[in-house]
Amino acid sequence: MKVWLLLGLLLVHEALEDVTGQQPPKNKRPKEPGENRIKPANKKAKPKIPKIKDRDAADATPKTQSIMIQMLDKGRFQKPAATLSLTAGQTLELRCKGNKIGWSYPAYLDTFKDSRLSVRQHERYGQLTLVNSTAADTGEFSCWGQLCQGYLCRKDETKTGSTYIFFTEKGELFVPSPTYFDVVYLNPDRQAVVPCRVAVLPAKVTLHREFPAKEIPANGTDIVYDMKRGFVYLHPHSDQQGVVYCKAEAGGKSQISVKYQLLYVEVPRGPPSTTIWASSNRVRLGDDISVLCTVLGEPDVEVEFRWLYPGQTDERPVTIQDTWRLIHRGLGHTTRLSQSIMTMEDFETADVGYYICTAQNLQGETTVATTVELS
């Protein structure tokens, strides 16, 4: 029994010496209590997939960069909001970054060549300044960079800026009109606008017919109100013609606009519809002759005339007179009659030949001709 006990003690002693003789690896830290250094064999690491840029990113339209700032007092400035409200009389100064800047502003300022407005180009920015502002100056002010090659320039669509400014003036709810009565043409193939814009942002605006007296609803289907344009007729038709006006209400006050005569147009848009007629196609020597060129078109579309005739290169004296007038037809339809009449006195042999008239508008031109001979 003692032998077996001694043998067991010897085996325990040798085992303790083997344990104490082993040193932990130098590059490994001691295991913390409860730490499991063995990773589960069945767990797979999630592969990292590199991010791929959106395919459409390359095809996307470049973002537009706003280049406009509004200068304030004491050297301060800010990026203008989409709409601004300023008190009439204030000085407006806008700057747009770039060495070649184009500008757009209310046509009212251009029409009357207003000296209150100045536009200058500096080395690094364009500058627009308007002094002694009034309610009539209310409108869109915009700028854009220009890309130029020599004398040819085009608009840089990525560098633009714009703001619509209301210039509020005591006693003025509407943007003042230079006339007391205006004509609006209703064309079935395009929108028509009754331009009663307000100079006060929170104003409520309604549209009214003069006779029979009633309010015309802006229902969003046939007519909508756009504060930057006025009442827009989306699908004009002949039943909408007549005299209308607008009414604005704000701050317990109301104001009536100028009146607008709505006229329906029956002639479609396009190059001039032209005819030519001579007082006589067979003329005796010494007689006088007249050749008439006529165009029927839209009331608001101007027409220009040009003539070619025998003896023109020899500076044969002739008289040319251009006129136009509106013709009101049945059902309220309105057209513009434009005419050019050429008169020649003391007909000569050299005047025999073709008389050619060319009528031109913004849509194109039409050429017609007639012959005149000796009787």
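As shown above, the structure is provided for reference.
Notes on the structure follow. Here the residue index of a chain counts from 1 through its sequence in written order. Owing to the predicted nature of the model, reporting of local features is limited to residues with pLDDT of at least 70; listing and counting of side-chain atom pairs is limited to 80 or more, with chain, interface and lining totals taken over all residues. Computation of side-chain values: all heavy atoms of the structure, hydrogens and water removed.

With that settled, the discussion passes to the sheet that holds strand E12 (residues 192–194). The strand order across the open sheet built from three strands is E12-E16-E15, with neighbouring strands paired in antiparallel fashion. One side of each edge strand has no neighbouring strand; the edge strands of this open sheet are E12 and strand E15 (223–226). Across the sheet, the axes of successive neighbouring strands diverge by a mean angle of 30°, strand direction being ignored. In the sheet, E15 pairs with strand E16 (residues 230–233) via four bridges, with the strands oriented antiparallel. When the bridges of E16 are listed, tyrosine 225 appears paired with phenylalanine 231. Here, a strand pair is defined by DSSP locating no fewer than two bridges between the strands. Strands are runs of DSSP state E lasting at least 2 residues, helices are runs of H or I lasting at least 4, and numbering of each runs from the N terminus. Only C-alpha atoms enter the line fits that serve as axes; for helices the fit covers just the stretch in contact. Angles between N-to-C directions range over 0 to 180 degrees.

On to the state of the cysteines. To count as a disulfide, a pair of cysteine sulfur atoms needs to be within 2.5 Å. One pass over the structure, following the stated rule, counts four disulfides. Disulfide partner of cysteine 96: cysteine 143, at an S-S distance of 1.9 Å. Where cysteine 96 bonds to cysteine 143 through sulfur, the torsion about that S-S bond is close to -85°, and the disulfide is left-handed. Taken together, the residues span a long stretch of sequence, with cysteine 96 in strand E5 (residues 92–97) and cysteine 143 in strand E9 (residues 139–149) at a distance of 47 residues. Taking the relative accessible area as the measure of exposure, cysteine 143 reaches 1% and is therefore buried. Disulfide partner of cysteine 148: cysteine 153, at an S-S distance of 2.0 Å. Taking the sign of the S-S torsion, 110° for the link of cysteine 148 and cysteine 153, the bridge is right-handed. Under the scheme applied here, a residue whose accessible area is under 20% of the maximum for its type counts as buried, over 50% as exposed, and between as partly exposed, the area being computed with a 1.4 Å probe on protein chains only. A relative accessible area of 34% places cysteine 148 in the partly exposed class. Each bonded cysteine of the protein chain is numbered by sequence order, and under that numbering the disulfide pairs are 1-2, 3-4, 5-6, 7-8.

This next bit is on a nonpolar patch on the surface. Among the surface-exposed residues, Tyr180, Phe181 and Val183 lie close enough to one another that they form a single nonpolar patch of about 360 Å² accessible area. Turning to its location among the elements, tyrosine 180 is positioned in the loop between strand E10 (152–168) and strand E11 (181–186). A patch consists of residues exposed above 30% relative accessible area that lack any salt bridge, with like charges linked at up to 9 Å and nonpolar side chains (Val, Leu, Ile, Met, Phe, Trp, Tyr) linked at up to 5 Å. With residues, only the protein chains shown are counted as cover, and all accessible areas are computed by Shrake-Rupley using a 1.4 Å probe. One speaks of a salt bridge when a side-chain nitrogen belonging to Lys or Arg is within 4 Å of a carboxyl oxygen belonging to Asp or Glu.

This part is about the layout of surface pockets. Cavity means a closed set of points on a 1 Å grid over the protein atoms alone, one where a 1.4 Å probe fits but cannot get out, pocket means an open set with protein on both sides within 12 Å along at least 5 of 7 lines, and lining means a residue has an atom within 4 Å of a point. Grid points are joined across faces, edges and corners, and a volume is the space filled by probe spheres set on the points. Of the voids in this model, the largest pocket is the one considered here, and its volume is about 740 Å³. Contributing to the lining of the largest pocket are 29 residues, with Pro176, Ser177, Pro178, Pro195 and Arg197 lying nearest its centre. Mapped onto the lining of the largest pocket, the elements with two or more residues apiece are helix H2 (107–111), E11 and strand E18 (253–256). In this count, Pro and Cys sit with the nonpolar residues alongside Ala, Val, Leu, Ile, Met, Phe, Trp and Tyr, while Asp, Glu, Lys and Arg are called charged and the others, Gly among them, polar. Here the lining of the largest pocket is composed, by residue class, of 17 nonpolar, seven polar and five charged. All domain edges in this entry derive from an automatic or database-based domain assignment. Two domains each provide a minimum of three residues to the lining of the largest pocket, namely domain 1 (68–168) and domain 2 (181–264).

What follows is about the nonpolar core. What makes a nonpolar core is a set of buried Ala, Val, Leu, Ile, Met, Phe, Trp, Tyr and Cys residues whose side-chain atoms join them at distances within 4.5 Å. Core analysis: the largest hydrophobic core is formed by 26 residues, its most contacted members being Val194, Leu207, Phe231, Tyr233, Val244 and Cys246. For this core, the elements supplying multiple residues, two or more each, are E10, E11, E12, strand E13 (204–209), E16, strand E17 (242–250) and strand E19 (259–265). Broken down by element, this core gets its largest block of residues, four residues, from E17. Other than its neighbours up to four places away in sequence, valine 194 contacts Val184, Leu207, Arg229, Gly230, Phe231, Tyr233, Val244, Cys246, Tyr260 and Leu262. Counting residues in each nonpolar core, the second largest holds 19 residues, with Val283, Phe305, Met342 and Val372 among its members. Contacts between residues were defined by any pair of non-hydrogen atoms, one from each residue, lying within 4.5 Å.

Once that is clear, we can look at the pairing of strand E23 (residues 304–308). Burial of E23 is one-sided: the residues Phe305 and Trp307 facing one way are buried, the residues Glu304, Arg306 and Leu308 facing the other way are not. Note: E23 against strand E26 (residues 353–361), five bridges, orientation antiparallel. For arginine 306, the partnering residue across the bridge sits in E26 and is threonine 358.

What follows deals with the packing of aromatic side chains. Each aromatic pair joins two rings of Phe, Tyr and Trp (for Trp, the six-membered one) with centres within 6.5 Å, and gets the label stacked for planes under 30 degrees apart, edge-to-face for over 60, and tilted for any other angle. Applying the stated criterion across every chain, the model contains three aromatic pairs. The cationic tip of lysine 155 hangs over the ring face of tryptophan 144; the distance from NZ or CZ to the ring centre is 5.0 Å. For a Lys NZ or an Arg CZ to count as sitting over a ring, it must be within 6 Å of the ring centre and within 35 degrees of the ring normal. A cation sits over an aromatic face here: arginine 336 above tryptophan 324, 3.7 Å from the ring centre.

Next up on the list: the sheet that holds strand E21 (residues 282–283). Strand pairing in a sheet relies on backbone hydrogen bonds, with the paired strands running either antiparallel or parallel. As summarised here, the arrangement of the four strands in space is E21-E27-E26-E23, forming an open sheet in which the pairing is mixed. Lying at the two open borders of the sheet, with one neighbouring strand each, are E21 and E23. Looking at chain direction, E26 and strand E27 (residues 364–374) are connected through nine bridges and run antiparallel. In the sheet register, threonine 358 faces E27, and the bridge partner there is threonine 367.

Here tyrosine 125 shows up in strand E8 (residues 125–130). Tyrosine 125 gets classed as partly exposed once you look at its relative accessible area, which sits at 25%. Separated by 26 residues in the primary sequence, tyrosine 125 and asparagine 99 place their C-alpha atoms 5.6 Å from one another. Apart from residues no more than four positions distant in its own chain, tyrosine 125 is found in contact with Arg95, Cys96, Lys97, Gly98 and Arg120.

Cis peptide bonds are those with omega within 30 degrees of zero, and the linkage from phenylalanine 211 to proline 212 qualifies with -10°. Inspection of the secondary structure puts proline 212 in the loop between E13 and strand E14 (214–216). A positive phi angle is found at lysine 74, which is not glycine, with a value near 55°. Counting through the fold element by element, lysine 74 comes out in the loop between strand E2 (68–71) and strand E3 (77–78). Its relative accessible area of 82% is what places lysine 74 among the exposed residues. The backbone of glutamate 315 sits at a positive phi, close to 55°, despite the residue not being glycine. Position of glutamate 315 relative to the elements: it lies in the loop between E23 and strand E24 (319–328).

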